[in-house]
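# Summary of the model geometry
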Amino acid sequence: ASSPVRFSCSELFDVSLVLHTSGPVVGNSVEADDRALVVITGANSGGKTTFLRSVGLAQLMLQCGMYVAASSYRASLHSGVLTHFGREEDATMRSGRLDDELRRLDLIVDGTARHSLVLFNESFAGTNEREGSEIGRQVVRALLERDVSVFFVTHQFDLADGFRRSRPATTRFLRAERAPDGWPSYKLIAAEPLPTSFAVDVYRRIGGFGTGGFGTGGFGTGGFGTAPESLEGARRRTVEEGTSAPAEPGASRSENGGAARDRPRRTSPP
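Residues numbered from 1 in each chain as written. Predicted model: local features only at pLDDT ≥ 70, side-chain atom pairs only at ≥ 80, totals over all residues. Heavy atoms only, no water.

## Points about the overall build of the protein chain
- Scanning the protein chain for helices and strands turns up seven helices and 11 strands.
- Within the protein chain, the fraction of its 270 residues that count as buried is 36%. (Helix = DSSP H or I, 4+ residues; strand = E, 2+ residues; numbered from the N terminus. Buried < 20%, exposed > 50% of the residue type's maximum accessible area, 1.4 Å probe, protein only.)

Right, here's the structure in full:
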């Protein structure tokens, strides 16, 4: 019979992050005893990868007999700790991202023994969600059948929700918390996956179109000078001046200079 899997921590933080930042580092507390699979989802830039890295470092430090960067940390001993993190695409263009992921996965499977720990970070994202999720499901199931523990960070809702439906009792689901204003707290909570990663929050923070155009939480606030004019304001001004109004984002120009929509206009009230 398989031995029970143990994993619990209190205020676990990434020791490597401490060495590269002068500010405070957020710790996380998780209880996942008897859960061979931990699936981590949630907001973009919400601390998921940082937590995954902290688990790998803590496990290695624990098994070396070192102090761990946490208030408390308890985990099973593993025969090996393996990681599958994303890398830059092949600069020689000899292979694509998915090809590289699958080749590295083959090496991991060959080196995985019973009671190993494998950490996946946004793996199998080099193809569409349906196919990437199916690859992920088959890989994780095969590893679990070999008594391997798995931590998996993913934005693929189909993958995460599939495990929620098929093995809720043996999986711990964590989700990166999101504050009401859209900013991350870098805290993980025990919660089921959602069909969104709130990418629009990041888009707006770095200067994407907000309500009424640029400037809301982005360009023009804190270092970019005056906020660029909104599209609606530009249209009003160009109509007054008799020039061509700008197209909306994502629209292409037709031969007569107008905006050619990517989808049909609505012709009746909603």
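On we go.
## Regarding the confidence of the model for the protein chain
- When the pLDDT values of the protein chain are averaged, the result is 79; 71% of them are 70 or greater.
- A low-confidence stretch, residues 211-235 (pLDDT under 50), is modelled with 39 contacts involving residues beyond four sequence positions or located in other chains.
- Across residues 243-270, confidence stays below pLDDT 50; counting only partners more than four residues off in sequence or on other chains, it has 31 contacts. (pLDDT = per-residue confidence, 0-100. Contact = heavy atoms within 4.5 Å.)

## Section: the packing of aromatic side chains
- A full pass over the atoms with the stated rule returns five aromatic pairs.
- Ring geometry for Phe 7 and Phe 151: centres 5.1 Å apart, planes at 70°, overall edge-to-face. Of this pair, Phe 7 sits in strand S1 (residues 7-12) while Phe 151 is found in strand S7 (residues 149-153), placing the two residues 144 residues apart along the sequence. Each of the two residues, Phe 7 as well as Phe 151, counts as buried. (Phe/Tyr/Trp six-rings, centres within 6.5 Å; stacked < 30°, edge-to-face > 60°.)

## Some details on the sheet that holds S1
- Strand order in the open sheet formed by three strands is S2-S1-S4, with antiparallel pairing between adjacent strands. Among the strands making up the open sheet, the edge pair consists of strand S2 (28-31) and strand S4 (72-75). Recorded for the sheet is a direction-independent mean angle of 15° between the axes of neighbouring strands.
- As paired elements, S1 and S4 share four bridges and run antiparallel to each other. Each bridged residue has a counterpart across the sheet, and for Phe 7 the counterpart in S4 is Ala 75.
- Here helix H2 (residues 48-63) sits on the sheet in contact with S1, S2 and S4, set at roughly 75° to S4. (Pairing = 2+ DSSP bridges. Axes fitted to C-alpha atoms, helices over the stretch in contact; angles between N-to-C directions.)

## Looking at the pairing of strand S9 (residues 184-190)
- Here four bridges tie strand S8 (residues 171-178) to S9, and the two strands are oriented antiparallel to one another. Within the sheet, the bridge partner assigned to Ala 176 lies in S9 and is Leu 188.

## Let's talk about the environment of Phe 198
- Mapped onto the elements, Phe 198 comes out in the loop between S9 and helix H6 (199-205).
- In this structure Phe 198 comes out as partly exposed when scored by relative accessible area, which is 23%.
- The spatial distance from the C-alpha of Phe 198 to the C-alpha of Asn 44 is 6.4 Å, given a sequence separation of 154 residues.
- If we skip the residues at most four places from it in the chain, Phe 198 touches Ala 43, Asn 44 and Arg 178.

## Considering the sheet that holds S8
- Strand order in the open sheet made by the six strands is S5-S6-S7-S3-S8-S9, with mixed pairing throughout. In the strand order of this sheet, the two ends are held by strand S5 (81-85) and S9, each with one partner. Taken over all neighbouring pairs, the strand axes of this sheet differ in orientation by 15° on average, direction set aside.
- The sheet contact formed by strand S3 (residues 37-42) and S7 spans four bridges and is parallel. By the bridge assignment, Ile 40 is partnered in S7 with Val 153.
- Along the sheet, helix H4 (residues 129-145) makes contact with S3, strand S6 (117-121) and S7, crossing S7 at roughly 160°.
- Strands in contact with helix H5 (residues 157-166) are S3, S7 and S8; relative to S3, the strand with the most contacts, it is inclined by about 135°.

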